[in-house]
Amino acid sequence: MGWLLQDGSCKHYDPITRHCNIYEDRPLECRVDERKPKDLSVKKWHDQNERYCDLLHKAVYGVSRERGEDCTHEVPKGKQVNLRVINNKDSTFACTSCGACCAQIVGPPVEKWKANNWILSNGACTFYDPVNKNCTVYQGRPTDCRVDDKNPLGPKNLSRWHDKMNKYCDTAHQNVYGVPRERDEDCTHEVVGKLELQLETTSTCNAACHFCPYTDLGRHGGLMKRELFEGIIDEAITIPSIHRYVLHGLGEPLLDPYLVLRVKYIRQRDPRSTIEIYTNGVYLTPDKFDALKKAGVTSIIISLNAVRQDQHTLIMGLIGKFDSVCKNIDYAIANKDRVAIQVHAVSNGDQFTEEDAFTFYYRWGYSTHEGYGICIRETNWAGDNRTTHQNWKPNEACGRALEQIYVMYDGRVSTCCLDPSGKQIFGDLSKQTIREVYNSEKYLKFREAHACDKADEYSICANCTRT
């Protein structure tokens, strides 16, 4: 309609009187109450517009706006005001500055942006500053990033377009920050950064530990298909909150013939991630350790659980392996470079006593004091094993529930690593995406219960010692 002048102001605006010359007949876009979205209260909508007016006032007059008073400010002499470019919000769309759309590029722009090398391996825009949640090329950003400029519905349907974009922003915010977006407030959320993706690549184990339900569950022989594994990783790298990968489940990961290739794949796709492996150490030979280190593993935890051979056999069912495992551990420590090494023992008061713990720490040192050893309490595997201690509260939140996604070898997502048989299943990554499963109503309610210290609403958690 040709209403905009070169400086971005409306041609019907009288800068002397600060009045609109066609106020009674002004378009819908200029009528605050008439274009209120249906899903917002009047108060929230007015608050949103107040903030927008604050922004405009600062851009035009160079000073803050006094709400509740008629404006008496003048445009500073010599100041060139271009209302087409106003700080970080030159659109009438109420952006909450969360940066989620930049942290996770999805939709039609993806292929074009990949061709321009604008997308990082984690799915974020290369021009996005995650610390300040800012675009480093904001004034020159492409049309794909300009809400009003890419409006396909036309000016008369701007409100409908904004509603659609708000829903997109809600989804992006949920995916990046893991919590709902407040449409009427600037975003103060941080990327959680504590979400662990644990993948059971094999369900086969060579040990028979007395504190593990492996021998009773009959899950021997499972192996995660490489296509499934790589598909999961390909999506995981686009989710900023996933920063840690644990390749371990009910089985012994070093029996997985593809383990080194899996570690290498994660490292190539996500160079900044942590990759951790738990093992009983029997197959952690010098050659295997060197291969894993070269592939990019960052942490290896050896479950030793003994201080002598007879105890090793009694607790883990491994005959004549204690000395060779200790030699493997010694080699790993001597050649670890940047790989973090821990040696674990499960303490229960009978098969592994306090006296054994003293001997264990004397041999391996304390992990908290530049050593490698750590003793942990025996867990009851959510009720599948005996309970050796009572120092836990059934209702309290569990870090595994809130900070871990546990994937069984066939792609099913279960409660956590202490639910290896899948008593409670949230979804199946052989058929669904991580986001679909993680944001499902069932999984959301489960995490909400834990976050509110109502974990005992779920029997599997109420009976678990959580160690």
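In case you missed it, the structure is sitting above this.
Residues numbered from 1 in each chain as written. Predicted model: local features only at pLDDT ≥ 70, side-chain atom pairs only at ≥ 80, totals over all residues. Heavy atoms only, no water.

Here we take up the packing of helix H8 (residues 286-295) against helix H10 (residues 322-334). Interaxial distance between H8 and H10 falls to 9 Å at its minimum, and their mutual angle equals 35 degrees. In the crossing of H8 with H10, the sense of the turn from one axis to the other is right-handed. Packed against H8, whose contacting residues are Pro286, Phe289 and Asp290, the element H10 presents Asn328, Tyr331 and Ala332 at the interface. Considering only residue class, the contact of H8 with H10 consists of four nonpolar, one polar and one charged. (Axes fitted to C-alpha atoms, helices over the stretch in contact; angles between N-to-C directions. Helix = DSSP H or I, 4+ residues; strand = E, 2+ residues; numbered from the N terminus. Left-handed = near helix turned anticlockwise from the far one by under 90°. Contact = heavy atoms within 4.5 Å. Nonpolar A, V, L, I, M, F, W, Y, C, P; charged D, E, K, R; others polar.)

The next thing to look at is helix H11 (residues 354-364). Taken together, the buried positions of H11 are Asp356, Ala357, Phe360, Tyr361 and Trp364. In an axial view of H11, the angular spread of the buried residues amounts to 135 degrees, which keeps them on one side of the axis. Seen from the open side of H11, the exposed residues pointing more than 90 degrees away from its buried face are Glu355, Phe358 and Tyr362. On its buried face, H11 sits against helix H9 (309-316), H10, strand E9 (340-347) and strand E10 (373-377). At the exit of H11 stands Gly365, carrying a positive phi of roughly 75 degrees. (Buried < 20%, exposed > 50% of the residue type's maximum accessible area, 1.4 Å probe, protein only. Arc of directions from axis to C-beta.)

Pairing is mixed in the open sheet, where nine strands are placed in the order E10-E9-E8-E7-E6-E5-E11-E12-E13. Looking at strand neighbours, the two that pair on one side only are E10 and strand E13 (425-428), the edges of this open sheet. On average, each strand axis in the sheet is tilted by 25 degrees relative to the strand beside it, whichever way the strands run. By the bridge criterion, three bridges tie strand E12 (residues 412-414) to E13 in an arrangement that is antiparallel. (Pairing = 2+ DSSP bridges.)

We now examine the side chain of Arg26. Topologically, Arg26 is positioned in the loop between strand E2 (19-20) and helix H1 (42-61). Although Arg26 lies buried, it forms no salt bridge, and the closest oppositely charged side chain, Glu24, sits 5.4 Å away as judged by the N-O distance. In this structure the side chain of Arg26 is engaged in a polar contact, spanning 3.2 Å, whose partner is the backbone oxygen of Cys30. (Lys, Arg positive; Asp, Glu negative; His and termini not counted. Salt bridge = Lys/Arg side-chain N within 4 Å of Asp/Glu carboxyl O. Polar contact = N/O pair within 3.5 Å; in protein donor to acceptor, adjacent residues only side chain to side chain.)

As a further point, take the packing of aromatic side chains. Both the distance between ring centres and the angle between the ring planes are used here to describe each pair of aromatic rings. Under the defined criterion, the tally for this structure stands at nine aromatic pairs. Their ring planes at 45 degrees and their centres at 5.1 Å tell us that Phe426 and Phe446 sit as a pair that is tilted. Here Phe426, found in strand E13, pairs with Phe446, found in helix H14 (residues 441-451); they are 20 residues apart in sequence, far enough to count as distant. Judged by relative accessible area, which is 7%, Phe426 ranks as buried. Seen from their ring centres, Tyr443 and Phe446 are 6.4 Å apart, and the 45 degrees between their planes marks the pair as tilted. Residue Tyr443 and its partner Phe446 are both found in helix H14; the two are separated by three residues, about one turn of the helix. Phe446 shares its class with Tyr443; the two are buried. The side chain of Arg363 reaches across the aromatic face of Trp364, ending 3.9 Å from its centre. In this structure, Arg447 is placed above the aromatic ring of Tyr443, and the distance from its NZ or CZ to the ring centre is 4.8 Å. (Phe/Tyr/Trp six-rings, centres within 6.5 Å; stacked < 30°, edge-to-face > 60°. Lys NZ or Arg CZ within 6 Å of the ring centre and 35° of its normal.)

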